[in-house]
Amino acid sequence: MKILIVDDDPKLRGFVAKGLETHGIDSVSASDGAEALAVLERSVSDRPDLILLDVMMPGKTGMEFLEELRRRGHDLPVIFVTARRGVEDRVKGLRIGADDYVLKPFEFDELLARIEAVIRRRQSVPVFEFGDVRIDVARRIVERAGQRIDLSPKEFDLLRTLAEARGRVVSRTELLKVVWGITFDPETNVVDALVARLRRRIDRGGSSLIDTVIGQGYRLVTPRESK
């Protein structure tokens, strides 16, 4: 396993790298987002398996770097390692695609345990298949009939939520909570609008995979079940 440490503090990078080396884990370091991207643009065989990412760095913040990373299609697991203790920071970090959030200062053993937990969780994430649609949750990749379909983060989260329900009808209230983190009715058609966009992307003239169950919500079906 190889880990990319992205932090503008050279002492912290050295501390973490030494701890990882003690446990037989290779690492590579970067002082900011630009250096980190350069590391990720190297050959696929040399890419890290996980990123430890600071939030406050020169140039782009860690949050901005992670958002760019996901836009570029990089699906590597990311753990924020930061002194920013606000709940809103942790919530934002997780919502934009981080796998965990570790507060500084930390004990190295705790950091190592978090790394191991994230790797285990990523390795156990399923791949869903509905007819000719394949959803790779860990890599956040969707394909239909072998052709990749680019989805926004919200579109993917909606599709994943429906897939995880395995044919069960998912209510608008549940979708609001899982996809948007909203626990109240905003009295808007935000769910219906996103479902409509997702349908346009994944149907592509073929059979519809999202059924509307009037008065209840939505469910994902295989082509032979849809009408």
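Residues numbered from 1 in each chain as written. Predicted model: local features only at pLDDT ≥ 70, side-chain atom pairs only at ≥ 80, totals over all residues. Heavy atoms only, no water.

Caption draft 1: Summary view of the overall build of the protein. The helix and strand tally for the protein stands at eight helices and 11 strands. Looking at the 227 residues of the protein, the share that counts as buried comes to 45%. In the protein, of all internal contacts separated by at least 6 residues, the share reaching a separation of at least 24 is 56%. When the accessible area of the protein is evaluated, it comes to approximately 12,200 Å², of which 48% is carbon and sulfur surface. Across the protein, the mean location of the 39 positive side-chain charges is 4 Å away from that of the 38 negative side-chain charges. (Helix = DSSP H or I, 4+ residues; strand = E, 2+ residues; numbered from the N terminus. Buried < 20%, exposed > 50% of the residue type's maximum accessible area, 1.4 Å probe, protein only. Contact = heavy atoms within 4.5 Å. Areas by Shrake-Rupley, 256 points an atom, 1.4 Å probe, with all protein chains shown as cover. Lys, Arg positive; Asp, Glu negative; His and termini not counted. Charge placed at Lys NZ, Arg CZ, Asp CG, Glu CD.)

Caption draft 2: Expanded view of the sheet that holds strand β5 (residues 100–103). One open sheet holds the five strands; their spatial order is β2-β1-β3-β4-β5, and the pairing between them is parallel. The open sheet has two edge strands, β2 (26–30) and β5, and neither has a second partner. Taken pair by pair, the neighbouring strands of this sheet meet at an average axis angle of 20 degrees, ignoring direction. Pairing of strand β1 (residues 2–6) with strand β3 (residues 50–53) involves four bridges; the strand directions are parallel. By the bridge assignment, L4 is partnered in β3 with I51. Against the sheet, helix α3 (residues 62–71) engages β3 and β4 (78–82), with an angle of about 170 degrees to β4. (Pairing = 2+ DSSP bridges. Axes fitted to C-alpha atoms, helices over the stretch in contact; angles between N-to-C directions.)

Caption draft 3: Inspection of unusual backbone geometry at higher detail. In this model, K104 is joined to P105 through a cis peptide bond whose omega is -10 degrees. Mapped onto the secondary structure, P105 falls in the loop between β5 and α5 (108–124). Although it is not a glycine, A145 sits at a positive phi angle of roughly 55 degrees. By the secondary structure assignment, A145 is in the loop between β8 (141–144) and β9 (147–149). Here A145 falls in the exposed class, since its relative accessible area comes to 57%. One non-glycine residue, R166, adopts positive backbone phi at about 50 degrees. Here R166 is to be found in the loop between α6 (153–164) and α7 (172–180).

Caption draft 4: Region of interest: the pairing of β3. A two-sided burial pattern is seen for β3, the buried positions comprising L50 and L52 on one face and I51 and L53 on the other. Taken together, the three bridges between β3 and β4 define a ladder with parallel strand orientation. What sits directly across from L52, in β4, is I79.

Caption draft 5: Structural context of α7. All buried positions along α7 are accounted for by L175, L176, V179 and W180. Taken around the axis of α7, the buried residues stretch over an arc of 105 degrees, which confines them to a single face. Of the residues in α7, the exposed ones pointing more than 90 degrees away from the buried face are T173 and K177. (Arc of directions from axis to C-beta.)

Caption draft 6: A look at the sheet that holds β8. Spatial strand order, β6-β7-β8-β9: four strands in an open sheet with antiparallel pairing. Lying at the two open borders of the sheet, with one neighbouring strand each, are β6 (127–130) and β9. The mean angle between the axes of side-by-side strands here comes to 25 degrees, regardless of whether they run parallel or antiparallel. Bridge analysis of β8 against β9 gives three bridges, and the strand direction is antiparallel. Across the sheet, the residue bridging to E143 is R148, located in β9. The strands that α6 touches are β6, β7 (133–136) and β8; relative to β7, the one it contacts most, it runs at about 105 degrees.

In short, geometric facts, not functional conclusions.
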